[in-house]
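Observations on chain architecture
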Amino acid sequence: MLNKLSLTEAIAGLRAKKFTSAELVQSCLDQIKKHNKKLNAFLTINENALDEAKKADISKPFGGIPIAVKDNFLTVGLLTTASSRVLEEYMPQYESTVTKKLKEAGAIILGKTNMDAWAHGSSTETSDFGLTLNPWNTGHLPGGSSGGSAAAVAADMCIAAIGSETAGSIRQPAAWCGITGFKPTYGRVSRYGVIAMASSTDSPGPLTKTVGDSALIAQIIAGHDPYDATSSPKSVPDFVSNLNAQRSTLKIGLAKEYLVGQSKSVVLEAAEKFKELGHKVSEISLLDPKYSISVYTIVQRSEVSSNLARYDGIRYGRDRSFFGDEAKRRIMLGTYALSSGYYDQYYTKAQKVRTLIIKDFEQAFKKFDLIIGPTSPGPALKVGASVNSPMFGELEDMLLEPSSIAGLTSISVPCGFVDGLPIGLQITGPQFTESLVLQAAHNYQQTTDWHVRKPQL
Amino acid sequence: MDVKHVAKLANLTLKPNEEEKFKKQFAETLKTIDVINELDTSDIAPTSQVTGLTNVTRLDKIDASRIIKIGDYFKVPAIFNAQ
């Protein structure tokens, strides 16, 4: 059962020679073989994974560790489809910075995971290759867009996974699948080689079994990249050794407007836990998330319409008739928002309100170190919930969009259950405070056991 | 919204039933996002970059590590099948 190990445990076990990388990879492949047909978490398996494991150099930080990667990261030699028929047979010409760094650290890319097509959605139901199911209850959605990565981690098909989020696509599926999902500050991790969705908020990050594992991966993938002009030149702190650093009492704001739905009572218990841990927790009022839904919808659709213009059937894959409904809707709405006569009414207005949202957070962080709240209003919804709901993702991600629009760093950790389905707690900090966010989340996981519970497959 | 016109601008070809379907869905979405107008933004500058970066440029110089030089030429992948 090596596949059940956390990243931290797997690295320790390999170094202590308790098992080999080949055994570790084989146990993940066995688990995939057993459950992927039903869950549909992986789209492509790296057929060379076992060979790579046999040659693994375990002296490297991630030497011999099998990691799953969302299918919007370019991986040379492995199909990269973004779960769209347009790119069904697309073989990348170059490697994304994130996967390049993982490979250089010795990791083995186990395979590519399912997602909403082009990352447009929060359910994986817009994938052109079938939806992924939630390992906790296969009648429910895994969330998205990084739903395949989240399900793969929750079902122990891999040791850890990589995802990306534009507004919640790491944290929301992590919450719905009962795992840890970490969104670094915008620009902390390079977007180079990630199939672009909304370039002003796209943030790659890890989906893992523990906070410690997220810190380990963030350490490897973060940093300035000359190939991404918006990546930050700020130096990357030591996230891992900061995890256990002794800190004075934290001032934690509990976002009042976010306490909605079935997640509320579970998150209030988590807030109590932080008080028990010696931190100060008090309510804070933020701008109503409904404004973030509007800003995000306009900005994201606009950027999508520009980013997806390149798929003309000449340079990449198939022509535009292969776009699914969701992509077509987003491209068209964005085109409309940017078109002559409507630009100021929609795009400029949205970017002005975005400034208000950023200022709202700046005020909040004058009084508080961190802000907590539910990741999602409730647990995983039933299969079919997103169909015929063009604003599904926006409504499910309403509590995540404000922090994404402002480019903040945030994490979702499991904090309880409703009807046998996991609930996530999000912990958000100012830009470039990853260390603090990880530390508080780690602190929480040291004294709770929600994250070690596993679904019965 | 003139769905047909927007589809043309977006370089998309719609199927016969799609125009009506999308029109209805766009109306719903536009209604949801209209709440944005409740906020006064008259003295607010629009955001352009969230982490404060400005004018990121690089030297206008060829990165020699990224090309394979052959004499005065550099090598690129073949476009046509070489027989």
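Residues numbered from 1 in each chain as written. Chains lettered and ligands numbered in written order. Predicted model: local features only at pLDDT ≥ 70, side-chain atom pairs only at ≥ 80, totals over all residues.

A few points about the overall build of chain B
From N to C terminus, chain B includes two helices and two strands. In terms of overall size, chain B is more extended than a compact globule, its C-alpha atoms giving a radius of gyration of 25 Å where 83 residues would be expected to give roughly 12 Å. For chain B, the C-alpha atoms occupy an extent of roughly 65 × 45 × 15 Å along the three principal directions. Put simply, chain B has 83 residues, and 10% of those count as buried. (Helix = DSSP H or I, 4+ residues; strand = E, 2+ residues; numbered from the N terminus. Rg over C-alpha atoms; globule rule 2.2 N^0.38 Å. Buried ≥ 20, exposed ≤ 12 C-beta atoms within 10 Å, placed from the backbone.)

Here's the deal with the overall build of chain A
Helix and strand counts for chain A stand at 15 helices and eleven strands. Since a compact globule built from 457 residues should have a radius of gyration of about 23 Å, the 20 Å found for chain A is in line with a globular shape. The burial tally for chain A puts 62% of its 457 residues in the buried class.

Details of the packing of helix α10 (residues 289–307) of chain A against helix α11 (residues 325–338) of chain A
Residue and element names in this part refer to chain A. At a closest axis distance of 7 Å, the pairing of α10 and α11 adopts a crossing angle of 100 degrees. Of the possible angle classes, the one that applies to α10 and α11 is roughly perpendicular. Counting all contacts with α10, which are made through Ile-298, Arg-301, Ser-302, Glu-303, Val-304 and Ser-305, the residues of α11 involved are Arg-330, Ile-331, Leu-333, Gly-334, Thr-335, Ala-337 and Leu-338. Here the contact of α10 with α11 is composed, by residue class, of six nonpolar, four polar and three charged. (Axes fitted to C-alpha atoms, helices over the stretch in contact; angles between N-to-C directions. Parallel < 35°, antiparallel > 145°, perpendicular 65-115°, else oblique. Contact = placed C-beta atoms within 7 Å. Nonpolar A, V, L, I, M, F, W, Y, C, P; charged D, E, K, R; others polar.)

Quick look at the nonpolar core
The nonpolar side chains of a soluble globular protein tend to be buried with one another. Counting residues in each nonpolar core, the largest one holds 140 residues, and the members touching the most others are A:Ile67, A:Ala152, A:Cys158 and A:Val295. Those residues in contact with A:Ala152 that sit more than four places away from it in its chain are A:Ala41, A:Phe42, A:Ala68, A:Thr113, A:Met157, A:Cys158 and A:Ala161. (Core = buried A, V, L, I, M, F, W, Y, C linked by C-beta atoms within 7 Å.)

Some details on helix α5 (residues 147–154) of chain A
All names here are of chain A. The buried count for α5 comes to eight of eight residues, which makes it a mostly enclosed element. Considered for burial, the residues of α5 that qualify are Gly-147, Gly-148, Ser-149, Ala-150, Ala-151, Ala-152, Val-153 and Ala-154. Of the residues flanking the end of α5, it is Asp-156, one or two places downstream, whose phi is positive at about 55 degrees.

Brief notes about the environment of A:Ser285
Residue and element names in this part refer to chain A. Note that Ser-285 resides in the loop between β8 (280–284) and α10. Overall, the presence of 11 C-beta atoms within 10 Å leaves Ser-285 in the exposed class. Taking the C-alpha atoms as reference points, Ser-285 and Asn-46, 239 residues apart in sequence, are found 47 Å from one another. Setting aside anything within four residues of it in sequence, one finds Ser-285 in contact with Lys-256 and Glu-257.

Notes on the pairing of strand β7 (residues 251–255) of chain A
Residues and elements named next belong to chain A. Pairing between β7 and β8: five bridges, direction parallel. By the bridge assignment for β8, Gly-253 is matched with Ser-282. In this view, the connection linking β7 to its parallel neighbour β8 by way of helix α9 (residues 263–276) has right-handed handedness. (Pairing = 2+ DSSP bridges. Right-handed = clockwise from strand over helix to strand, strands pointing away.)

Some points on the environment of A:Ala56
All names here are of chain A. Among the structural elements, Ala-56 can be located in the loop between α3 (49–54) and β2 (66–70). Taking the C-alpha atoms as reference, Ala-56 lies 49 Å from Tyr-291; in sequence the two are 235 residues apart. Excluding its chain neighbours within four sequence positions, the residues that come into contact with Ala-56 are Ser-21, Gly-63, Gly-64, Gly-106 and Ile-108.

A few points about the interface of chain A and chain B
Between chain A and chain B, the residue contacts involve 40 residues of the former and 28 residues of the latter. Mapped by element, the contributors of at least two residues to the side of chain A that touches chain B are α10, α11 and α12 (343–367) of chain A. Here the side of chain A that touches chain B gets ten residues from one element, more than from any other, and that element is α12(A).

Quick word on the pairing of strand β10 (residues 409–418) of chain A
For a regular strand, side-chain orientation follows a simple rule: the groups alternate between the two sheet faces. Residue and element names in this part refer to chain A. Summarising burial for β10: seven of the ten residues are buried, a large majority. Two strands pair when backbone bridges link them, and β10 and strand β11 (residues 421–429) are joined in this way by nine bridges, in the antiparallel orientation. If you follow Phe-417 over to β11, its bridge partner there is Pro-422. If you look at the hairpin formed by β10 and β11, you'll find two residues sitting between the two strands, and Asp-419 has a positive phi there, around 55 degrees.

What about the sheet that holds strand β3 (residues 108–113) of chain A?
Residues and elements named next belong to chain A. Spatial ordering of the open sheet is given by β1-β3-β2-β4-β6-β5-β10-β11-β9-β7-β8, a layout of eleven strands whose pairing is mixed. Looking at the sheet topology across the chains shown, the edges are occupied by β1 (42–45) and β8. Here the average twist between neighbouring strands, direction ignored, is 30 degrees. Summarising the sheet, strand β5 (residues 180–183) and strand β6 (residues 203–208) pair through two bridges and their orientation is antiparallel. Looking at the pairing, Thr-180 lines up with Thr-208 of β6. Docked against the sheet, α9 engages β7, β8, β9 (370–374), β10 and β11, running at close to 115 degrees with respect to β10.

That's the geometry; what it means functionally is another story.
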